[in-house]
Amino acid sequence: MKIGIDKIGFYTPHMYVDIKELAIARNVEPEKFTIGIGQEKMAVPPITQDSVSLAANAALEILTDEDKKTIDYVIFATESGIDHSKAASIYIHELLDLNSSARSIEVKQACYGATAGIQIAKGHIALNPESKVLILGSDIARYGLHTTGEVTQGAGAVAILVSKDPKIMTIESPSAYQTEQVMDFWRPIYSDTAYVQGKLSVDQYLSFFQSVWKEHKEKTGFELKDFESIFFHLPYTKMGLKALRTVIDEGTEADKDRLLANFEISKRYNTIVGNIYTGALYLSLISLLELNDTIEPGARIGLFSYGSGAVGEFFSGILQPNYRDALFADQHEKLLADRKEISVAKYEEVFQDTLPVGIDNIALPIDEDPATICFSGIKDHMRQYVNKNK
Ligand code: HMG
């Protein structure tokens, strides 16, 4: 049975800061951020967007009423969770009127969570061929003002519908995966910003990529020539390029040209959104699928997923006939074009506009947020959300 991605969408908040302006404000040469890190814009979430509302907005655009009836499993991957007990996916059930005959869970392993969700979905559909699984990968990347990680912040969510006979991409077996205990990046429960050993995280990312790439080659016999494109988890876009460069000499000149050209297209959305943690790999996939003019159905693509801590996985997929017809390119173009630039001073204000820990009641200014679904406040310690279309 063919199982894979039937639909895929994303959402990012309506504000961004220009990375060159951030560099100037931080007394850094702009080229360090634009070339050395490879970013242009950084999404800035207002207080009325959290991981739940970002994910709900991403799913809103891709699901039909028929999908909502058929989805029997919702897997919410995040490292920006809002509750230690309750799964964020349950809020999505209510906001989008999903069928209640469903399983609904939250999974966590840093930026690897959405890939874990996809592999769980694949197993579930193998046993239950008529089912559809909704995977949500939603995060707000926060390192703090004036930190070295600041330039790699971002916010957004991807929504992925996994089914049999998918319209966009089948997921192949086997894949190669690895786990090691590494403290390269983590966020203790008491902190709303990440702790990171930046250089170690870069080294671990590259080491995991080389290991799972090698293991995948041994398991499948696939080489660079077999891939039209290779996608990477992109905490910042230079990271994927660094990883690609470690294996690119294994191929011919034609392989190098093709993979580097496709990498350029696959990083575009990430360049102007920033790190969205667990959704970042899939934002890159959306970028290439929506922006390329040449990739034919039947092409094999490779995906490298990395979540600090750390877990890595390399797997592959095959693009399906008419995959372009199943994309939401026009909506995404509009979403990105409608965003508004804010100054660094305004970004700093928004960044520090957080809810006091333990606050029991508050109403938030949802009229200032053009998103359809917003985090509207807290009543008696219970988070409140609104779908303005309901
Ligand atoms: P840094 O130490 O400020 O930067 O922080 P740097 O000194 O390493 O410079 C960065 C690059 O800019 C270098 O290029 C410089 O040469 C270049 P590279 O050697 O890397 O090719 N550069 C310039 N280029 C052009 N013109 C110039 C110029 N000046 C310098 N004038 C660091 C960089 C990534 C460490 C920092 O931003 C950070 O800590 N970020 C957060 C952690 C991170 O993103 N790690 C990536 C791997 S881990 C991961 O992906 C998982 C993660 O998503 C979390 C999860 O799983 O949940 C983070």
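Residues numbered from 1 in each chain as written. Predicted model: local features only at pLDDT ≥ 70, side-chain atom pairs only at ≥ 80, totals over all residues. Heavy atoms only, no water.

Trainee: What is the right way to read the sheet that holds strand 16 (residues 362-363) from this model?
Mentor: The strands making up a sheet associate through hydrogen bonds between their backbones, and the pairing can be parallel or antiparallel. Within the open sheet, the three strands sit side by side as 16-17-18. Their pairing is antiparallel. Strands at the two margins of the open sheet, each flanked by one partner only, are strand 16 and strand 18 (382-387). Bridge analysis of strand 16 against strand 17 (residues 373-379) gives two bridges, and the strand direction is antiparallel. Within strand 17, the residue paired with Ile362 across the bridge is Ile378. Against the sheet, helix 5 (residues 88-96) engages strand 17 and strand 18, with an angle of about 35° to strand 18. (Pairing = 2+ DSSP bridges. Helix = DSSP H or I, 4+ residues; strand = E, 2+ residues; numbered from the N terminus. Contact = heavy atoms within 4.5 Å. Axes fitted to C-alpha atoms, helices over the stretch in contact; angles between N-to-C directions.)

Trainee: Explanation requested: the pattern of salt bridges in the structure shown.
Mentor: The full count for this structure, using the stated rule, is 20 salt bridges. Between Glu218 and Lys214 there is a salt bridge whose closest N-O contact spans 3.3 Å. Note that Glu218 and Lys214 are positioned in helix 7 (residues 198-220) at a spacing of four residues, about one turn of the helix. You can call Glu218 exposed: its relative accessible area is 56%. (Salt bridge = Lys/Arg side-chain N within 4 Å of Asp/Glu carboxyl O. Buried < 20%, exposed > 50% of the residue type's maximum accessible area, 1.4 Å probe, protein only.)

Trainee: Where do I start with the packing of aromatic side chains in this structure?
Mentor: By convention here, two paired aromatic rings are described through the distance between centres and the angle between planes. Scanning all chains against the criterion turns up 21 aromatic pairs. Geometrically, the ring pair formed by Phe10 and Tyr269 is tilted, given 5.4 Å between the ring centres and 45° between the ring planes. Of this pair, Phe10 sits in strand 1 (residues 3-11) while Tyr269 sits in helix 10 (residues 268-273), and the two are 259 residues apart along the sequence. As far as the burial class goes, Phe10 and Tyr269 line up, both buried. Members of the aromatic cluster, each reached through a chain of ring pairs, are Tyr205, Phe208, Phe209, Trp213, Phe222, Phe227, Phe232, Phe263, Phe304, Tyr306 and Phe314. Its guanidinium or amino end placed over the ring of Tyr73, Arg103 lies 5.5 Å from that ring's centre, counting from NZ or CZ. The ring of Tyr177 carries the charged tip of Lys219 above its face, separated from the ring centre by 5.1 Å. (Phe/Tyr/Trp six-rings, centres within 6.5 Å; stacked < 30°, edge-to-face > 60°. Lys NZ or Arg CZ within 6 Å of the ring centre and 35° of its normal.)

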